[in-house]
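So you can see what is in the structure, the chains are spelled out below.
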Amino acid sequence: MVGLLAASVLVAGLFGQPAKPDPVVIPYPMEMTKKTGEFEILPSTQIVATGEALEVANNFATYARIPTGYPLSIRPTKPTKDYIEFEVKDELKWLGPEGYRINIRDTFISIRSATPQGLFYGVQSLRQLLPHSIESKEPVFTNWKVPGLDITDMPRFSWRGLMLDESRHFFGQEKVKKLIDTLALYKINRFHWHLVDDGGWRVEIKKYPDLTKIGAWRAGDGRGWSNSDIFFHPNDGIVEVYGGFYTQDQVRDIVAYAAERNVEIVPEIEMPGHSLPALWVNRELACDDATLNKLLPNLPYQFANVYCAGNEKTYEFLEGVLDEICELFPGKYVHIGGDEVDQRAWQTCTKCVDRRIKERLNGTDELQAYFISRMASYLKNKGKVAIGWDEILDGGKLKDAAVMSWRGTEGGAKAINQGFAAVMSPTSYCYFDYSYATTPVEKVYGFDPMPPKLTIPQQALLLGAQGNVWTERMESFDRVEEMVFPRLLALSEALWTPAKQKNFARFQKNLPQAQNRLEALGVNYHGKDDERRDGLIGSRLLTFGGPPSGESSKLATFFAVLAGLFFGGHKWSNKNREASLLASG
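Residues numbered from 1 in each chain as written. Predicted model: local features only at pLDDT ≥ 70, side-chain atom pairs only at ≥ 80, totals over all residues. Heavy atoms only, no water.

Student: Sorry, what's going on with the overall build of the chain here?
Tutor: For the chain, the helix and strand inventory stands at 20 helices and 20 strands. Looking at the chain as a whole, 56% of its 585 residues qualify as buried. The long-range share in the chain, meaning contacts at least 24 apart out of those at least 6 apart in sequence, stands at 75%. For the chain, the accessible area works out to roughly 24,300 Å², and carbon and sulfur atoms hold 52% of it. (Helix = DSSP H or I, 4+ residues; strand = E, 2+ residues; numbered from the N terminus. Buried < 20%, exposed > 50% of the residue type's maximum accessible area, 1.4 Å probe, protein only. Contact = heavy atoms within 4.5 Å. Areas by Shrake-Rupley, 256 points an atom, 1.4 Å probe, with all protein chains shown as cover.)

Set out below in structure tokens:
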């Protein structure tokens, strides 16, 4: 009886004055200041916008009308109260093209920026401040309240990306759009689309239809991954095949969809290595038979996966491919690979040796540099910038290209010192196919891509960084999402938030609310299937990724007390809390 009385007293204390959770915006803004009061979206609320701001405002209204059920009509002038205003203001240019300001008071919300792009990012922050029910595809009865705040925000880096490998496993148009939606919410603005590798060719090239008629389909059911088991066969029903590809119309649709969400797609067409499907259907582009026959017993594949660097037809073929790629993808960058090139065939291939002599190249590294620079120059003439993995620096003589550094950050630093732009994507922080035990969320959060001791002009050459997802062992998109999230949220804050504003304890505390939003969006994430409430019921510990706060802490304590009273001596303790988000993958 005494125990029950104590519990009732504790419950009264716990629930007498419920604490409101802190506002959560990921990535954390440059400046965010709490103000008194809150704004509530009501059936009477109106949207105010004109000119350049109108499209963003209309998109927000269209998005919010479904879950709220409110009309949210748009008008050009402000009423006295109860409005959400979108405004493009030239004097905010100092925030850059992606920066924005939000002011939230009892009577209005104001989102301002120098560009519609900045307004878009202001909307993503507003979405996160609203109840996660705002993501619902049907009306929801709830209070649509937003806390009083002032936010001034702009990104630290301009390149904030994620790479998805679809050569090994193909996921399709709707899955890619879903991923782009989530990238945009967390202010990721580059989607590096790895469309060509040894596992298959995934984009239609009308000049060379066999690339997808044959090269997009692997014999077998697609389960597992082994280089030695790769055989390509048309999808004609004769043998079981696995794969798929994007038609050019589908690519255009996805590119337009991404552009509406301020995500630039960077296509990757691997060369000169990792090109097995293209060489499978165009064997004349490989090195000479005498060389290949000697190497064949030592190749991991059924055929060579490296283009002949001495054959003029190789360059003609790739120029034909890039012509169509440049037409499909209007963005600035085209990724041309350049990693893990097996140069053994080039050492004795007659055409490669002749090319080295003609171009006065010393060794196969310089031959690779010639190959990459030639393709980069072709792209430059088409108004594009080639970007490649950091091996493209190995032979020297590089020109007209940017560098993506994956073997640590040294390649990026080297590129910058040589005057090239760089994007950091080291395996140690940014490879999301690595397990959570190897690369936990906290480690990703702590990543700083900026090399030390750079001059101000050199710092401008560091574009930013990105996460990479290689899918050899990810047969389902559900698994891809599990490996990406929540690590991508940590990376988004590492790349957007000023270094001095980063705080992992705050990020970890905010993560459960972000996970609720991911769940509302139907996005899988690591730890989703774990029990995720604080406390102990009976002898079973319930886990949560971070310290308790607000109502979750009070509920946890309440249930822990009941557990101790009625289940015999089990004590709730912070020391027993498991950080599930940092557990092994």
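Student: Mind showing me how you'd approach the sheet that holds strand β4 (residues 83-88) here?
Tutor: Two modes of strand pairing occur in sheets, parallel and antiparallel, and in both the strands are linked by backbone hydrogen bonds. Judged by pairing direction, the sheet is mixed, and its 7 strands sit side by side in the order β1-β7-β5-β6-β4-β2-β3 without closing on themselves. In the strand order of this sheet, the two ends are held by β1 (31-41) and β3 (74-75), each with one partner. Bridge analysis of strand β5 (residues 100-104) against strand β7 (residues 144-153) gives 5 bridges, and the strand direction is antiparallel. Each residue of the ladder has a partner; that of Asn 103, found in β7, is Asp 150. (Pairing = 2+ DSSP bridges.)

Student: I would appreciate a short explanation of the environment of Asp 165 in the present structure.
Tutor: Checked against the element boundaries, Asp 165 lands in strand β8 (residues 159-165). Overall, the relative accessible area of 0% leaves Asp 165 in the buried class. Separated by 306 residues in the primary sequence, Asp 165 and Thr 471 place their C-alpha atoms 5.8 Å from one another. Apart from residues no more than four positions distant in its own chain, Asp 165 is found in contact with Phe 171, His 194, Val 469, Trp 470, Thr 471 and Glu 472. Polar contacts involving the side chain of Asp 165 include one to the main-chain amide nitrogen of Ser 167, which spans 2.9 Å. (Polar contact = N/O pair within 3.5 Å; in protein donor to acceptor, adjacent residues only side chain to side chain.)

Student: I'm lost on empty space enclosed by the protein in this one. Help?
Tutor: Empty space among the atoms becomes apparent when a probe as large as a water molecule is rolled across them. Within the structure shown, the criterion is met by 3 cavities of 30 Å³ or more. Size it by volume and the largest cavity reaches roughly 60 Å³. As for the largest cavity, its lining consists of Cys 287, Leu 292, Leu 295, Leu 299, Ala 304, Asn 305, Val 306, Asp 342 and Ala 345. A class-by-class count of the residues in the lining of the largest cavity yields 7 nonpolar, 1 polar and 1 charged. (1 Å grid on protein atoms, 1.4 Å probe; cavity = no way out; pocket = protein on both sides within 12 Å on 5 of 7 lines; lining within 4 Å. Points joined across faces, edges and corners; volume = space filled by probe spheres on them. Nonpolar A, V, L, I, M, F, W, Y, C, P; charged D, E, K, R; others polar.)

Student: Explanation requested: helix α17 (residues 477-484) in the structure shown.
Tutor: Taken together, the buried positions of α17 are Phe 477, Val 480, Glu 481, Met 483 and Val 484. Looking straight down α17, one finds its buried side chains confined to an arc of 165°; they lie on one side. Where α17 is buried, its residues touch β8, α4 (173-185), β18 (462-469) and α18 (487-496). (Arc of directions from axis to C-beta.)

Student: Would you take a moment to explain the pairing of strand β16 (residues 401-405) for this structure?
Tutor: Each regular strand displays side chains that alternate between the two surfaces of the sheet. By the criterion of burial, β16 is predominantly enclosed, with 5 of the 5 residues buried. Of the two faces of β16, the one holding Ala 401, Val 403 and Ser 405 and the one holding Ala 402 and Met 404 are both buried throughout. As paired elements, β16 and strand β17 (residues 422-424) share 3 bridges and run parallel to each other. The residue of β17 that forms the bridge with Val 403 is Ala 422. Regarding topology, helix α13 (residues 410-417) serves as the crossover connection from β16 to the parallel β17, and that connection is right-handed. (Right-handed = clockwise from strand over helix to strand, strands pointing away.)

Student: Looking at this model, I keep getting lost on the nonpolar core. Mind explaining?
Tutor: Nonpolar side chains tend toward joint burial in soluble globular proteins. Membership of the largest hydrophobic core comes to 154 residues, with the highest contact counts inside it found for Phe 86, Phe 191, Trp 201 and Tyr 307. Examining the composition of this core, we find that 8 residues originate from one element, helix α9 (residues 312-328), more than from any other. Counting 14 residues, the second largest nonpolar core, distinct from the first, contains Met 163, Val 266, Met 404 and Trp 406. (Core = buried A, V, L, I, M, F, W, Y, C linked by side-chain atoms within 4.5 Å.)

Student: Whenever I open this one, the layout of surface pockets confuses me. Can you help?
Tutor: Within this model, the second largest pocket holds a volume of roughly 770 Å³. Lining the second largest pocket are 29 residues; nearest its centre among them are Tyr 63, Phe 120, Arg 127, Asp 181 and Arg 261. When contributions to the lining of the second largest pocket are tallied by element, the ones reaching two or more residues are α2 (54-68), α3 (116-129), α4 and α6 (248-260). In terms of residue count, α2 provides more of the lining of the second largest pocket than any other element does, 8 residues in total. Per-class residue counts for the lining of the second largest pocket are 14 nonpolar, 7 polar and 8 charged.

Student: Could you clarify how one ought to interpret the environment of Glu 87 in this entry?
Tutor: Inspection of the secondary structure puts Glu 87 in strand β4. Along the sequence, Glu 87 and Thr 50 sit 37 residues apart, while their C-alpha atoms lie 7.4 Å from each other.

Student: Even after reading the chapter, I still don't get the confidence of the model for the chain, so can you show me in this structure?
Tutor: Parts of the prediction with low pLDDT should not have their coordinates interpreted in detail. Residues of the chain with pLDDT of at least 70 account for 87%, and the chain-wide mean is 89. Here residues 1-17 is modelled with pLDDT under 50, and outside its nearest four sequence neighbours on either side it reaches 14 contacts, counting other chains as well. Long-range and interchain partners of residues 531-585, a stretch whose pLDDT sits below 50, account for 116 contacts in this model, where long-range means more than four residues apart. (pLDDT = per-residue confidence, 0-100.)

Student: Please explain α18 as it appears in this structure.
Tutor: Spacing of three or four residues puts side chains on the same side of an α-helix, whose turn is 3.6 residues. Judged by how many residues are buried, α18 sits mostly within the fold: 10 of 10 residues are covered. Every buried residue of α18 is accounted for by Arg 487, Leu 488, Leu 489, Ala 490, Leu 491, Ser 492, Glu 493, Ala 494, Leu 495 and Trp 496.

Student: What is the right way to look at unusual backbone geometry in this model?
Tutor: Residues other than glycine predominantly adopt negative phi, and peptide bonds predominantly adopt the trans conformation. Cis geometry marks the peptide bond from Met 271 to Pro 272; its omega dihedral reads -10°. Within the element layout of this structure, Pro 272 appears in the loop between β13 (264-271) and α7 (276-281). Residue Phe 485 is joined to Pro 486 through a cis peptide bond whose omega torsion reads 10°. Residue placement: Pro 486 occurs in the loop between α17 and α18.

Student: Can you walk me through the packing of α9 against helix α12 (residues 364-381) in this structure?
Tutor: The axes of two packed helices give the description: the angle between them and the distance between them. The contact between α9 and α12 brings their axes to 11 Å, and the two run at 40°. In this structure, α9 meets α12 at a crossing whose hand is right-handed. Residues Glu 312, Thr 314, Tyr 315, Leu 318, Glu 319, Leu 322, Asp 323 and Cys 326 of α9 lie in contact with α12, whose contacting residues are Tyr 370, Phe 371, Arg 374, Met 375, Tyr 378 and Leu 379. Across the contact of α9 with α12, the residue classes tally to 9 nonpolar, 1 polar and 4 charged. (Axes fitted to C-alpha atoms, helices over the stretch in contact; angles between N-to-C directions. Left-handed = near helix turned anticlockwise from the far one by under 90°.)

Student: Looking at this structure, how should I read the environment of Phe 120?
Tutor: With respect to the helices and strands, Phe 120 occurs in helix α3. On the basis of relative accessible area, Phe 120 is assigned to the buried category, the value being 13%. Separated by 67 residues in the primary sequence, Phe 120 and Lys 187 place their C-alpha atoms 9.4 Å from one another. When near neighbours in sequence (up to four residues on either side) are disregarded, Phe 120 contacts Val 56, Ala 184, Glu 260, Arg 261 and Asn 262.

Student: Sorry, what's going on with the packing of aromatic side chains here?
Tutor: Given two aromatic rings, one states the distance between the centres and the angle between the planes to describe the pair. In total, this model carries 24 aromatic pairs according to the counting rule given. Ring geometry for Trp 193 versus Phe 329: centroids 6.3 Å apart, planes at 80°, classification edge-to-face. Here Trp 193 is found in strand β9 (residues 190-197), whereas its partner Phe 329 is found in the loop between α9 and β14 (333-337), with 136 residues between them in sequence. Since its relative accessible area comes to 0%, Trp 193 is described here as buried. Phe 329 gets classed as buried once you look at its relative accessible area, which sits at 2%. When the ring of Phe 232 is compared with that of Trp 280, the centres are 5.5 Å apart and the planes differ by 75°; the resulting orientation is edge-to-face. Taken together, the residues span a long stretch of sequence, with Phe 232 in the loop between β11 (217-219) and β12 (241-243) and Trp 280 in helix α7 at a distance of 48 residues. We note that Phe 232, like Trp 280, is buried. Members of the aromatic cluster, each reached through a chain of ring pairs, are Phe 170, Phe 191, Trp 193, Tyr 246 and Phe 329. Against the face of Trp 159 rests Arg 190, its NZ or CZ located 4.8 Å from the ring centre. (Phe/Tyr/Trp six-rings, centres within 6.5 Å; stacked < 30°, edge-to-face > 60°. Lys NZ or Arg CZ within 6 Å of the ring centre and 35° of its normal.)

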